[in-house]
Amino acid sequence: MYGAADLRCVRRISSIIADTASPAERAEGVLDELFHLIPYAAAQICSWDDQRQTHYTIAARGYPTAVRMALNGTRYRDDLVWQFLEKSDGAVFWKDCP
């Protein structure tokens, strides 16, 4: 169950998204707020590119460059986890993956 602090964090995320700052600044702000909700070792915010049929990273923390490149590349497109990730509408955590 969410507490009052968690709900304030969610509201701050909504206002960060609605802000007129650059996408990179907003993404960094969202990562800051998300850390208060869900402590993480690594996280990335991605957007889907319809033309390339893949996602690209808007902001990331905790992932080395090589891992970010692998996550954004086509190398893992045949991996069993990709099929699951592409069908998921919400956030996906490693524990959710087959």
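### Quick word on the pattern of salt bridges
For step 1, the next point in the chain: Going through the model one piece at a time under the given rule, you end up with three salt bridges.
For step 2, the next point in the chain: Put simply, Arg61 and Glu28 hold a salt bridge, and the shortest N to O gap is 2.7 Å. Residue Arg61 is located in strand β2 (residues 54-61), and its partner Glu28 is located in helix α2 (residues 23-37); the two are separated by 33 residues in the primary sequence.
For step 3, the next point in the chain: Taking relative accessible area as the criterion, Arg61 reaches 26% and is therefore assigned partly exposed.

### Points about α2
For step 1, the next point in the chain: Helix length check: α2, at 15 residues, gives a terminal C-alpha distance of 21 Å against a target of 21 Å (1.5 Å per residue), a fit within 8%.
For step 2, the next point in the chain: Within α2, the full set of buried residues consists of Ala27, Gly29, Val30, Leu31 and Glu33.
For step 3, the next point in the chain: The inward-facing, buried residues of α2 contact α1 (4-18), β1 (43-49) and β2.

### Digging into the pairing of β2
For step 1, the next point in the chain: Sheet topology note: the β1/β2 ladder contains seven bridges and is antiparallel. In the sheet register, Ala43 faces β2, and the bridge partner there is Arg61.
For step 2, the next point in the chain: Remark: four residues form the turn of the hairpin made by β1 and β2, two consecutive strands paired antiparallel; Gln53 in that turn has positive phi of roughly 55 degrees.

### Some words on the side chain of Glu33
For step 1, the next point in the chain: As for its placement among the helices and strands, Glu33 is situated in helix α2.
For step 2, the next point in the chain: Excluding residues that lie within four positions of it along the chain, Glu33 makes contacts with Cys9, Arg12, Ile13 and Ile16.

Cut-offs used in this document
Residues numbered from 1 in each chain as written. Predicted model: local features only at pLDDT ≥ 70, side-chain atom pairs only at ≥ 80, totals over all residues. Heavy atoms only, no water. Salt bridge = Lys/Arg side-chain N within 4 Å of Asp/Glu carboxyl O. Helix = DSSP H or I, 4+ residues; strand = E, 2+ residues; numbered from the N terminus. Buried < 20%, exposed > 50% of the residue type's maximum accessible area, 1.4 Å probe, protein only. Expected span 1.5 Å × (residues − 1). Contact = heavy atoms within 4.5 Å. Pairing = 2+ DSSP bridges.

Just geometry here; none of it tells us what the structure is for.
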